[in-house]
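Observations on chain architecture
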Amino acid sequence: MLLQPPTETIPIQEIPIGKNIKLFIKREDLIHPQISGNKYWKLFYNVNHYLETNPENPYIITFGGAFSNHISAVSAAGNVAGIPTLGIIRGEELQNKWRDNPTLLFAKRNGMNLKFVTREEYRHKEKLTEFLQQEFPDALIVPEGGTNEDAVEGIKMMLNEQTKDFDYLCTAVGTGGTIAGISKFCEDNQNVIGFKVVDDASLENKIFELTLKRNFNLIDSGFGGYGKINDENVRFINDFKDKYNIPLEPIYTGKMMQRIFEMIEEDYFPENSRVLCFHTGGLQGIEGANLLLEKQNRNLII
Ligand SMILES: Cc1ncc(COP(=O)(O)O)c(C=O)c1O
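Criteria and thresholds
- Residues numbered from 1 in each chain as written.
- Predicted model: local features only at pLDDT ≥ 70, side-chain atom pairs only at ≥ 80, totals over all residues.
- Heavy atoms only, no water.
- UniProt positions renumbered as here; feature names shortened; annotations may be inferred.
- Helix = DSSP H or I, 4+ residues; strand = E, 2+ residues; numbered from the N terminus.
- Contact = heavy atoms within 4.5 Å.
- Axes fitted to C-alpha atoms, helices over the stretch in contact; angles between N-to-C directions.
- Parallel < 35°, antiparallel > 145°, perpendicular 65-115°, else oblique.
- Nonpolar A, V, L, I, M, F, W, Y, C, P; charged D, E, K, R; others polar.
- Pairing = 2+ DSSP bridges.
- Buried < 20%, exposed > 50% of the residue type's maximum accessible area, 1.4 Å probe, protein only.
- Domains from an automatic or database assignment.
- Buried area = accessible area lost by both parts, 1.4 Å probe.
- Salt bridge = Lys/Arg side-chain N within 4 Å of Asp/Glu carboxyl O.
- Polar contact = N/O pair within 3.5 Å; in protein donor to acceptor, adjacent residues only side chain to side chain.
- Core = buried A, V, L, I, M, F, W, Y, C linked by side-chain atoms within 4.5 Å.
- Phe/Tyr/Trp six-rings, centres within 6.5 Å; stacked < 30°, edge-to-face > 60°.
- Lys NZ or Arg CZ within 6 Å of the ring centre and 35° of its normal.

Here's the deal with the UniProt feature "modified residue: N6-(pyridoxal phosphate)lysine" (unreviewed entry) in the chain
The positions that UniProt labels "modified residue: N6-(pyridoxal phosphate)lysine" (unreviewed entry) are, in the present scheme, K39. Among the structural elements, K39 can be located in helix α1 (residues 38-52). The contact partners of K39, leaving out residues within four places of it in the chain, are N69, H70, A73, T280, G281 and G282.

If you want it as structure tokens, here you go:
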């Protein structure tokens, strides 16, 4: 079955900050209970174009780490579309421990086959991809994080008449597909800001190759690199939920939002700017993050 666009409009909520800047959040996290946020859109055309080719032995193969939102989303999308899935997971030590990991358990429950590889093997994903394509010639192989041209095309669906009304469009950046789509399809007068959660010097060029526009700025969201959970940020996430009743997670959206609040304090945005950030989902990761925080005797995300 093809993935369907949502029947209801995705809400844009104001975050009242009591300044001369208007801050809003577009709740892409509400798009689907299991394939949330940007993942839905990055997979939308990947899955649908693939199904339209009528593959004889449909199979979706992809890559990710132990807590990957992308693995979680692909497993759920496979379930919805009726396509078996295979996840190539970084870390062979997880082979016998996947039941303790909420993301991997969820993927398994969606019927995803999991293959655990060493970090060294994972680093050479191109080789693995070649090998897998030979073994499963009909399979759709989606890159890590889901970023490719179909993904960029899908992100167009996050933009609409309402989003044209903002001066700044903000998103968290991992592999760059989401910001590339926003940059490619936004209006000429809009500024795009990406909050990097990965320290990758090649990211800017990768994004440019996908969007062919230079209307975006990348800002380091800080907090010690990919996957690192910061206690101050956990406090921010909990306060934010308390105040605005909007959940954030500690790998992407929580970091972006705290940095936006800092930038507002630093007068980065001119007075009367209208700033829209995209809630790109990933809330499934909170359970795994809390397991880790609990083990380390640190404050949890509530
Ligand atoms: C919650 C969340 N936000 C943002 C991103 C970044 O998206 P991209 O990899 O397209 O840069 C991801 C990764 O898909 C994510 O899971």
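Next comes the rest of the description.
Some details on the packing of helix α9 (residues 231-244) against helix α10 (residues 253-265)
The geometry of α9 relative to α10 is characterised by a closest axis approach of 10 Å and an angle of 80° between their N-to-C directions. By the angle class used here, α9 and α10 are roughly perpendicular. For the pair α9 and α10, the contacting residues are E232, N233, F236, I237, F240 and Y244 in the first and G254, K255, M257, Q258 and F261 in the second. Residue classes in the contact of α9 with α10 are distributed as six nonpolar, three polar and two charged.

Things to note about the environment of I17
Looking at where I17 falls in the secondary structure, it is placed in the loop between β1 (12-15) and β2 (22-26). Along the sequence, I17 and L105 sit 88 residues apart, while their C-alpha atoms lie 39 Å from each other. Not counting residues up to four positions away in its chain, the partners in contact with I17 are L23, Y244, F261 and I264.

Some thoughts on the sheet that holds strand β3 (residues 60-64)
Adjacent strands of a sheet pair through backbone hydrogen bonds, lying either parallel or antiparallel. A sheet is described by the order of its strands in space; here four strands give the open sequence β5-β4-β3-β6, paired in parallel fashion. Every interior strand has two partners, whereas the edge strands, β5 (113-117) and β6 (140-142), have only one. Averaged over all pairs of adjacent strands, the angle between strand axes in this sheet comes to 20°, irrespective of strand direction. With five bridges joining them, strand β4 (residues 85-90) and β5 adopt parallel strand pairing. Among the inter-strand pairings, G87 is bridged to a residue of β5, identified as L114.

Some thoughts on the pairing of β2
In terms of burial, β2 is largely enclosed, as four of its five residues are buried. The pairing of β1 with β2 spans four bridges and is antiparallel. Pairing of Q13 across the sheet is with I25, part of β2. Adjacent in sequence and paired antiparallel, β1 and β2 are bridged by six residues, among which G18 carries a positive phi angle near 65°. Where β2 lies against strand β10 (residues 274-278), five bridges are found, and the strand directions are parallel. What sits directly across from F24, in β10, is L276.

Quick notes on the domain arrangement of the chain
When cut into domains, the chain gives domain 1 (12-34 + 148-295) and domain 2 (40-146). Computed over C-alpha atoms only, the centres of domain 1 and domain 2 are separated by 25 Å. The interface is formed by 21 residues belonging to domain 1 together with 22 residues belonging to domain 2. Across the interface of domain 1 and domain 2, roughly 1,900 Å² is buried in total on both sides, 61% from carbon and sulfur atoms. Applying the counting criterion to the domain 1 and domain 2 interface returns zero salt bridges. Our count for the contact surface shared by domain 1 and domain 2 stands at seven residue pairs in polar contact (both at pLDDT 80 or more). Put simply, the parts of the chain that give the side of domain 1 that touches domain 2 at least two residues each are α6 (149-155) and α11 (285-295). Classifying every residue of the side of domain 1 that touches domain 2 gives seven nonpolar, ten polar and four charged.

Description of the nonpolar core
Residues L43, V47, I60, L114 and L169 are the most contacted members of the largest nonpolar core, which totals 49 residues. Residues lining this core come from more than one domain, with at least three contributed by each of domain 1 (12-34 + 148-295) and domain 2 (40-146). Residue contacts for L114: discarding those within four places in its chain leaves L86, G87, I89, W98, L104, A107 and K108. Listed in part, the 32 residues of the second largest apolar core include I17, I193, V234 and Y244.

Side note on the sheet that holds β10
Pairing within the open sheet is mixed, and its six strands lie in the order β1-β2-β10-β7-β8-β9. With partners counted over all chains shown, the strands left at the sheet margins are β1 and β9 (216-220), one partner each. Here the average twist between neighbouring strands, direction ignored, is 25°. The pairing of strand β7 (residues 168-173) with β10 spans three bridges and is classified as parallel. Note on β10: the bridge partner recorded for L169 is L276. Sheet contacts for helix α8 (residues 203-211): β7, β8 (191-196) and β9; angle to β9, the most-contacted strand, approximately 155°.

Concerning the packing of aromatic side chains
Any pair of aromatic rings gets described here by the distance separating the centres and the angle formed by the planes. Scanning the entire structure with this criterion turns up 14 aromatic pairs. Put simply, the rings of Y40, W41, F44 and Y45 touch in pairs and so form one group of aromatic residues. Sitting over the face of the ring of F208, R214 holds its NZ or CZ atom 3.8 Å from the ring centroid.

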